[in-house]
Amino acid sequence: EELTTDVVVIGAGGAGLAAATSANQNGAKVIVLEKMGKAGGNTAISGAAFNAVDTELQKEFGIEDSIDKHFQQTYEGGDKLADPELVEILVNNALPAIKWLESLGMEFEHKIFTVLGGMWPRAHDPEKVLGTGFIDTHMEYAEKSNGGVEVKINTNATELIKEGDRIVGVKAEGEDTDYVIKATKGVVIATGGFSQNKEMRDKYNKQWEDISNLMSTNHPGATGDGIIMAEKAGANLVGMEWIQLLPMGDPETGSLSGNIEQGVEDRIFINLDGNRFVDEGARRDVMTKALLEQKDQTMWTILDSHSYPTGDEENHFGETANELVKAGRAFKADTLEELAEMIGVDADSLVKAVEGFNKGVDEGKDEFGRTLFKDKIDKGPYYAGKRVPTVHHTMGGIQINTKAQAINAEGNVIPGLYAAGEVTGGIHGSNRLGGNALADINVFGKIAGESAAKGL
Ligand code: ADP
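Remember, predicted model here, so these are calculated numbers, not experimental data.

1. So, the sheet that holds strand 9 (residues 237–238)
If you walk across this open sheet you meet the three strands as 9-15-18, and the pairing is mixed. On the outer flanks of this sheet lie strand 9 and strand 18 (424–425), each paired with one strand and no other. In the sheet, strand 15 (residues 397–399) pairs with strand 18 via two bridges, with the strands oriented parallel. Across the sheet, Gln-399 pairs through a bridge with Gly-425, a residue of strand 18.

2. Observations regarding the packing of aromatic side chains
Enumeration according to the criterion identifies eight aromatic pairs in this entry. The interplanar angle of 70° and the centroid separation of 6.2 Å between the aromatic rings of Phe-108 and Phe-134 together place this pair among those described as edge-to-face. Linking Phe-108 in the loop between helix 5 (84–103) and strand 4 (123–124) with Phe-134 in helix 6 (residues 132–143), this pair joins segments that are 26 residues apart in sequence. Considered together, Phe-108 and Phe-134 belong to a single accessibility category, that of buried residues. For the pair Phe-194 and Tyr-204, a centre-to-centre distance of 6.1 Å together with 55° between the ring planes defines the contact as tilted. In this pair, Phe-194 is assigned in the loop between strand 8 (178–189) and helix 7 (198–204) and Tyr-204 in helix 7, connecting sequence segments 10 residues apart. Side by side, Phe-194 and Tyr-204 carry an identical accessibility label, which is buried. An aromatic cluster of at least three residues, connected via ring pairs, comprises Phe-50, Phe-108 and Phe-134. Between Lys-111 and the ring centre of Phe-113, over which it is positioned, the NZ or CZ distance is 5.1 Å.

3. Comments concerning the site of the ligand
Taken together, 27 residues are adjacent to the ligand, and Ala-15, Glu-34, Asn-42, Thr-43 and Glu-422 come closest. At 2.9 Å from an oxygen atom of the ligand is found a main-chain nitrogen or oxygen belonging to Asn-42. Between the ligand and the protein, one listed contact pairs a nitrogen atom with a side-chain N or O atom of Asp-225 at 2.9 Å. Its free accessible area being 580 Å², the ligand has 98% of it covered by the protein chains. Of the residues belonging to the shell around the ligand, the class tally is nine nonpolar, 14 polar and four charged.

So, how was this worked out
- Residues numbered from 1 in each chain as written.
- Predicted model: local features only at pLDDT ≥ 70, side-chain atom pairs only at ≥ 80, totals over all residues.
- Heavy atoms only, no water.
- Pairing = 2+ DSSP bridges.
- Helix = DSSP H or I, 4+ residues; strand = E, 2+ residues; numbered from the N terminus.
- Phe/Tyr/Trp six-rings, centres within 6.5 Å; stacked < 30°, edge-to-face > 60°.
- Buried < 20%, exposed > 50% of the residue type's maximum accessible area, 1.4 Å probe, protein only.
- Lys NZ or Arg CZ within 6 Å of the ring centre and 35° of its normal.
- Near = heavy atom within 4 Å.
- Polar contact = N/O pair within 3.5 Å; in protein donor to acceptor, adjacent residues only side chain to side chain.
- Areas by Shrake-Rupley, 256 points an atom, 1.4 Å probe, with all protein chains shown as cover.
- Nonpolar A, V, L, I, M, F, W, Y, C, P; charged D, E, K, R; others polar.

The analysis is restricted to geometry; functional conclusions fall outside its scope.
Below, the structure written as structure tokens:
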């Protein structure tokens, strides 16, 4: 079947749907192609922490912050390997992106928190579970758009169509028919990363010794298709070797579900001998590298009733500690000694580890250099949950400029081609801070949609 529209968006995750809404708001008719059976991608299953300097709200919680600090932490947190112009765009447009989402009906909780490996309390939390709020907001916009935004699920984009230098459309395979879709204004690639593509991970990985056997937190569609299609069409790829691991994977599935962590300030990690081994407030790569060196590459997260006054509090996945305990996915005991016995670690070591942490709370710094503290771990019942390293995010991808236009190997814009979200590279350098992905996909998704609608 042959179709013609103004803008084609590949991928109905957070970045793609933001691009679709934004393109339509800028006057374009949009077709979104999604290869899976429903919209959402990784965005829908992510913790959904959204970093944005929001001084008014932060002040209410006694948090001091600035755009400059967000810039510095992002840039330095990625070892200064990001494109500073893109980081500028990210930090300056994060709060406006939240306001934009709110104008579309999305709701955020009245709170600010620090996300794991996020460096600073500036994360916003959507009302709806995980990242579903982002997806629902744009899908509702699409429904009400009188055909302005059409989302085709079970439709796998396979190739970009090029005429001369310009990208003019997309070939795709639907359930019953193949499509050739002409885009008079532009094509936005928003297919996400490649954490679920082991071959591609191994091809590009230089950072880690061996990640070939690790599982991933990602949805199964995160296979890097857009990167491959864009490269074929001449796009330059940047930062492909930087692959983010998290120390928080479920031992059975690699997913983030089952994580008993509530606040990152109040929990420690211990290895199978019962000893701490890293600053639990460090960068994600630092924590995971340390975990990879521990016995069985396995650890326990330990926390107390400061995090769970009743045990019925939910994590980001809507799971309560008590439910996880019942299901055998977490452990709960009145004393640290009993907890140690349950999880099979040396009780003296665990007690010592907790004492060391508590001393750190008093002194503001501990033997691992940790400075991220709030409450001591001294209030039973205590909880433990098992975690393993898992592949979470691929920092590299299609090179873009500040207008989300794709760039070729000569450094020139590829006319008609735009990219946004995890499929792009250059925004996070070697290490993406927790909470910056949601900011990234919304900021650059919105820009990509606008640029494409204008046919830049
Ligand atoms: P981001 O956070 O960058 O928006 P997501 O993972 O949330 O990334 O969304 C990417 C979406 O793109 C997913 O829903 C995924 O299934 C979809 N996708 C990936 N490859 C293709 C493809 N070849 N054709 C259509 N959709 C794709």
